[in-house]
Amino acid sequence: MKKLLLILLAIPAIVSFISCSENEKTTWEKYKAWRESNEAWLIEQSAKEETPGKAYYTRIVPQWNTGVYILMHQFNDPETTKNNLSPLSTSTVDVKYHGRTYDDVPFDSSYLSTNPADSIFRTKLSNVVEGWKIALQYMHVGDSVEVIIPYNVGYNATPIGTIKPYSNLVFGIKLVDIYSYEK
(Lines give C-alpha, C1' and ligand atoms only; values in the text may rest on other atoms or scores of the structure.)
Protein backbone atom coordinates (compact mmCIF):
# COMPACT_ATOMS: atom_id res chain seq x y z
CA MET A 1 0.00 0.00 0.00
CA LYS A 2 2.87 2.38 0.85
CA LYS A 3 4.45 1.72 -2.57
CA LEU A 4 1.20 2.58 -4.35
CA LEU A 5 0.88 5.77 -2.33
CA LEU A 6 4.50 6.73 -3.16
CA ILE A 7 3.90 6.07 -6.86
CA LEU A 8 0.72 8.17 -6.83
CA LEU A 9 2.56 11.02 -5.11
CA ALA A 10 5.54 10.75 -7.48
CA ILE A 11 3.50 11.04 -10.69
CA PRO A 12 2.55 14.74 -10.23
CA ALA A 13 6.16 15.55 -9.30
CA ILE A 14 7.47 13.85 -12.46
CA VAL A 15 4.87 15.54 -14.65
CA SER A 16 5.70 18.89 -13.06
CA PHE A 17 9.44 18.35 -13.62
CA ILE A 18 8.91 17.43 -17.29
CA SER A 19 6.63 20.39 -17.95
CA CYS A 20 9.05 22.77 -16.18
CA SER A 21 11.90 21.42 -18.28
CA GLU A 22 9.80 21.96 -21.40
CA ASN A 23 8.93 25.51 -20.30
CA GLU A 24 12.59 26.29 -19.66
CA LYS A 25 13.53 25.55 -23.26
CA THR A 26 14.41 28.60 -25.26
CA THR A 27 12.47 29.53 -28.38
CA TRP A 28 15.55 28.43 -30.35
CA GLU A 29 15.37 24.95 -28.77
CA LYS A 30 11.57 24.63 -29.01
CA TYR A 31 11.59 25.38 -32.74
CA LYS A 32 14.68 23.34 -33.65
CA ALA A 33 12.88 21.02 -36.10
CA TRP A 34 10.99 23.96 -37.65
CA ARG A 35 14.22 25.96 -38.07
CA GLU A 36 16.00 23.01 -39.63
CA SER A 37 13.20 22.32 -42.12
CA ASN A 38 13.05 26.04 -43.03
CA GLU A 39 16.83 26.11 -43.56
CA ALA A 40 16.82 22.95 -45.71
CA TRP A 41 14.03 24.41 -47.85
CA LEU A 42 15.87 27.73 -48.22
CA ILE A 43 19.02 25.93 -49.40
CA GLU A 44 16.90 23.95 -51.89
CA GLN A 45 15.30 27.14 -53.24
CA SER A 46 18.70 28.85 -53.54
CA ALA A 47 19.81 26.03 -55.83
CA LYS A 48 16.58 25.93 -57.90
CA GLU A 49 17.15 26.40 -61.63
CA GLU A 50 14.81 27.94 -64.19
CA THR A 51 16.67 26.12 -66.95
CA PRO A 52 19.88 24.11 -66.64
CA GLY A 53 22.61 26.48 -65.53
CA LYS A 54 20.24 29.46 -64.97
CA ALA A 55 19.18 30.16 -61.39
CA TYR A 56 15.47 30.64 -60.74
CA TYR A 57 16.06 33.14 -57.94
CA THR A 58 18.45 36.06 -57.88
CA ARG A 59 20.22 36.51 -54.57
CA ILE A 60 19.86 40.18 -53.58
CA VAL A 61 22.35 41.53 -51.03
CA PRO A 62 21.67 45.15 -50.05
CA GLN A 63 24.61 47.56 -50.01
CA TRP A 64 23.60 48.85 -46.58
CA ASN A 65 23.77 45.39 -44.94
CA THR A 66 25.97 42.91 -46.77
CA GLY A 67 25.38 40.25 -44.09
CA VAL A 68 21.81 39.54 -45.23
CA TYR A 69 20.02 38.63 -48.45
CA ILE A 70 16.70 37.77 -50.03
CA LEU A 71 15.90 35.60 -53.05
CA MET A 72 13.85 37.20 -55.80
CA HIS A 73 12.35 35.88 -59.03
CA GLN A 74 11.01 38.42 -61.50
CA PHE A 75 7.89 37.42 -63.45
CA ASN A 76 7.77 40.37 -65.85
CA ASP A 77 10.47 41.34 -68.32
CA PRO A 78 12.67 43.83 -66.41
CA GLU A 79 13.45 45.64 -69.67
CA THR A 80 9.86 46.89 -69.80
CA THR A 81 10.04 48.53 -66.36
CA LYS A 82 13.72 49.49 -66.01
CA ASN A 83 13.00 53.21 -66.64
CA ASN A 84 10.19 53.35 -64.06
CA LEU A 85 10.78 54.71 -60.57
CA SER A 86 12.14 52.56 -57.74
CA PRO A 87 11.18 53.42 -54.18
CA LEU A 88 13.64 54.92 -51.72
CA SER A 89 13.84 53.88 -48.08
CA THR A 90 11.65 56.91 -47.24
CA SER A 91 8.99 56.24 -49.90
CA THR A 92 5.38 55.19 -49.42
CA VAL A 93 4.34 52.49 -51.88
CA ASP A 94 1.17 50.84 -53.14
CA VAL A 95 1.57 47.09 -53.58
CA LYS A 96 -0.51 44.01 -54.15
CA TYR A 97 0.76 40.93 -52.37
CA HIS A 98 0.06 37.57 -50.85
CA GLY A 99 2.23 35.90 -48.23
CA ARG A 100 2.77 32.33 -47.15
CA THR A 101 5.21 30.35 -45.06
CA TYR A 102 7.78 28.06 -46.63
CA ASP A 103 5.40 25.09 -46.28
CA ASP A 104 2.80 26.93 -48.40
CA VAL A 105 0.48 28.01 -45.56
CA PRO A 106 -1.05 31.42 -46.44
CA PHE A 107 -1.00 34.05 -43.71
CA ASP A 108 -1.83 37.40 -45.33
CA SER A 109 -2.96 39.03 -48.56
CA SER A 110 -3.75 42.50 -49.82
CA TYR A 111 -6.38 40.92 -52.05
CA LEU A 112 -8.68 40.93 -49.02
CA SER A 113 -8.38 44.73 -48.72
CA THR A 114 -10.44 47.52 -50.23
CA ASN A 115 -8.67 50.49 -48.63
CA PRO A 116 -7.08 52.67 -50.04
CA ALA A 117 -8.17 50.86 -53.23
CA ASP A 118 -9.17 47.35 -54.24
CA SER A 119 -6.40 44.89 -53.28
CA ILE A 120 -3.89 47.69 -52.57
CA PHE A 121 -1.72 47.80 -49.47
CA ARG A 122 -0.15 51.22 -48.87
CA THR A 123 2.88 51.40 -46.60
CA LYS A 124 6.06 53.32 -45.88
CA LEU A 125 9.17 51.24 -46.44
CA SER A 126 10.19 52.11 -42.89
CA ASN A 127 7.13 50.18 -41.61
CA VAL A 128 7.89 46.77 -43.14
CA VAL A 129 10.33 43.97 -42.36
CA GLU A 130 13.85 44.34 -43.73
CA GLY A 131 13.25 41.68 -46.40
CA TRP A 132 10.46 43.80 -47.91
CA LYS A 133 12.64 46.93 -47.83
CA ILE A 134 15.34 45.09 -49.73
CA ALA A 135 12.93 43.69 -52.32
CA LEU A 136 11.02 46.91 -52.94
CA GLN A 137 14.15 49.02 -53.41
CA TYR A 138 15.31 46.59 -56.10
CA MET A 139 11.96 46.79 -57.91
CA HIS A 140 10.53 49.31 -60.35
CA VAL A 141 6.88 50.35 -60.60
CA GLY A 142 5.09 47.64 -62.57
CA ASP A 143 7.36 44.76 -61.47
CA SER A 144 5.86 41.49 -60.26
CA VAL A 145 8.10 39.22 -58.24
CA GLU A 146 8.24 36.27 -55.91
CA VAL A 147 10.42 37.00 -52.91
CA ILE A 148 11.79 34.57 -50.36
CA ILE A 149 12.59 36.33 -47.12
CA PRO A 150 14.84 34.36 -44.77
CA TYR A 151 13.66 34.54 -41.17
CA ASN A 152 16.51 36.82 -40.06
CA VAL A 153 15.17 39.62 -42.32
CA GLY A 154 11.56 38.72 -41.60
CA TYR A 155 10.16 38.30 -38.10
CA ASN A 156 13.16 36.34 -36.76
CA ALA A 157 12.27 34.65 -33.43
CA THR A 158 9.03 36.58 -32.97
CA PRO A 159 5.76 34.74 -33.62
CA ILE A 160 3.31 36.97 -35.51
CA GLY A 161 -0.27 35.68 -35.76
CA THR A 162 -0.04 32.23 -37.33
CA ILE A 163 3.61 32.72 -38.33
CA LYS A 164 5.92 30.64 -36.15
CA PRO A 165 9.32 31.89 -34.98
CA TYR A 166 12.16 31.35 -37.49
CA SER A 167 9.81 31.22 -40.47
CA ASN A 168 11.12 31.87 -43.96
CA LEU A 169 8.43 33.81 -45.80
CA VAL A 170 7.37 33.73 -49.44
CA PHE A 171 5.65 36.74 -50.97
CA GLY A 172 4.17 37.42 -54.36
CA ILE A 173 4.53 41.20 -54.73
CA LYS A 174 3.47 43.63 -57.45
CA LEU A 175 4.74 47.20 -57.07
CA VAL A 176 1.71 49.13 -58.33
CA ASP A 177 2.81 52.70 -57.58
CA ILE A 178 4.92 54.96 -55.43
CA TYR A 179 2.36 57.01 -53.55
CA SER A 180 4.93 59.31 -51.95
CA TYR A 181 8.44 59.55 -53.33
CA GLU A 182 10.37 61.36 -50.61
CA LYS A 183 14.08 62.05 -50.86
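Being a predicted model, the structure only gives us computed values, none of them experimental.

### Some words on the overall build of the protein
Looking only at helices and strands, the protein features 4 helices and 9 strands. From first element to last, N terminus to C terminus, the protein shows the α and β order α-α-α-β-β-β-β-β-β-β-α-β-β. Each of the 183 residues in the protein was classed as buried or not, and the buried ones make up 37%. Of the roughly 11,000 Å² of accessible surface on the protein, a fraction of 56% belongs to carbon and sulfur atoms.

### Here's the deal with the confidence of the model for the protein
Averaged over the protein, the pLDDT score is 90; the fraction of residues at 70 or greater is 87%. Every residue in residues 4-9 is under pLDDT 50, and counting partners more than four places away or in other chains gives 0 contacts.

### Re the pattern of salt bridges
Counted according to the given criterion, the structure contains 6 salt bridges. Ionic pairing is found between Asp 104 and Arg 100, a salt bridge with its closest N-O pair at 2.6 Å. Residue class for Asp 104 comes out exposed when judged on its relative accessible area of 52%. Residue classification places Arg 100 among the partly exposed positions, given a relative accessible area of 22%. One salt bridge in this structure joins Glu 146 and Arg 100, with 3.5 Å as the shortest N-O distance. With a gap of 46 residues between them, Glu 146 in strand β8 (residues 144-149) and Arg 100 in strand β5 (residues 92-101) connect regions that are remote in the sequence.

### What about the environment of Tyr 155?
Looking at the element boundaries, Tyr 155 is found in the loop between β8 and β9 (169-180). In this structure, the C-alpha to C-alpha distance between Tyr 155 and Tyr 166, residues 11 residues apart in sequence, is 7.3 Å. The residues contacting Tyr 155, other than those within four sequence positions of it, are Val 129, Ile 160, Ile 163 and Leu 169.

### Quick notes on the nonpolar core
Core analysis: the biggest nonpolar cluster contains 26 residues, and Ile 70, Val 95, Trp 132, Leu 136, Val 147, Ile 149 and Ile 173 have the highest contact counts within it. At the level of secondary structure, the elements contributing two or more residues to this core comprise β4 (70-74), β5, α4 (130-137), β8 and β9. The leading source of residues in this core is β9, at 5 residues. Setting aside residues up to four positions removed in sequence, Ile 149 forms contacts with Ile 70, Val 129, Gly 131, Trp 132, Gly 154, Ser 167, Asn 168, Leu 169 and Phe 171. Formed by 12 residues, the second largest nonpolar core is a distinct cluster that contains Trp 34, Trp 41, Tyr 69 and Tyr 166.

### Some thoughts on the packing of aromatic side chains
Scanning the entire structure with this criterion turns up 11 aromatic pairs. For the pair Tyr 56 and Tyr 57, a centre-to-centre distance of 4.8 Å together with 85° between the ring planes defines the contact as edge-to-face. Note on Tyr 56: relative accessible area 17%, which makes it buried. On the basis of relative accessible area, Tyr 57 is assigned to the buried category, the value being 6%. Site record: aromatic cluster; members linked through ring pairs are Tyr 97, Phe 107, Phe 121, Trp 132 and Phe 171. Seen from the ring of Trp 28, Arg 35 lies directly overhead, with NZ or CZ sitting 3.4 Å from the centre. If you follow Lys 48 out to its NZ or CZ, it ends over the ring of Tyr 56, 4.3 Å from the centre.

### A short note on helix α3 (residues 32-47)
Counted at 1.5 Å a residue, the expected span for α3 with its 16 residues is 22 Å, and the 23 Å between its end C-alpha atoms agrees. For α3, every residue scored as buried is listed here: Trp 34, Arg 35, Asn 38, Trp 41, Leu 42 and Gln 45. All buried residues of α3 lie within an arc of 130° about the axis, which places them on one face of the element. The exposed set on the far side of α3, more than 90 degrees from its buried face, consists of Ala 33, Ile 43, Glu 44 and Ala 47. At its buried positions, α3 is contacted by α2 (27-30), β4, β8 and β9.

Criteria and thresholds
- Residues numbered from 1 in each chain as written.
- Predicted model: local features only at pLDDT ≥ 70, side-chain atom pairs only at ≥ 80, totals over all residues.
- Heavy atoms only, no water.
- Helix = DSSP H or I, 4+ residues; strand = E, 2+ residues; numbered from the N terminus.
- Buried < 20%, exposed > 50% of the residue type's maximum accessible area, 1.4 Å probe, protein only.
- Areas by Shrake-Rupley, 256 points an atom, 1.4 Å probe, with all protein chains shown as cover.
- pLDDT = per-residue confidence, 0-100.
- Contact = heavy atoms within 4.5 Å.
- Salt bridge = Lys/Arg side-chain N within 4 Å of Asp/Glu carboxyl O.
- Core = buried A, V, L, I, M, F, W, Y, C linked by side-chain atoms within 4.5 Å.
- Phe/Tyr/Trp six-rings, centres within 6.5 Å; stacked < 30°, edge-to-face > 60°.
- Lys NZ or Arg CZ within 6 Å of the ring centre and 35° of its normal.
- Expected span 1.5 Å × (residues − 1).
- Arc of directions from axis to C-beta.

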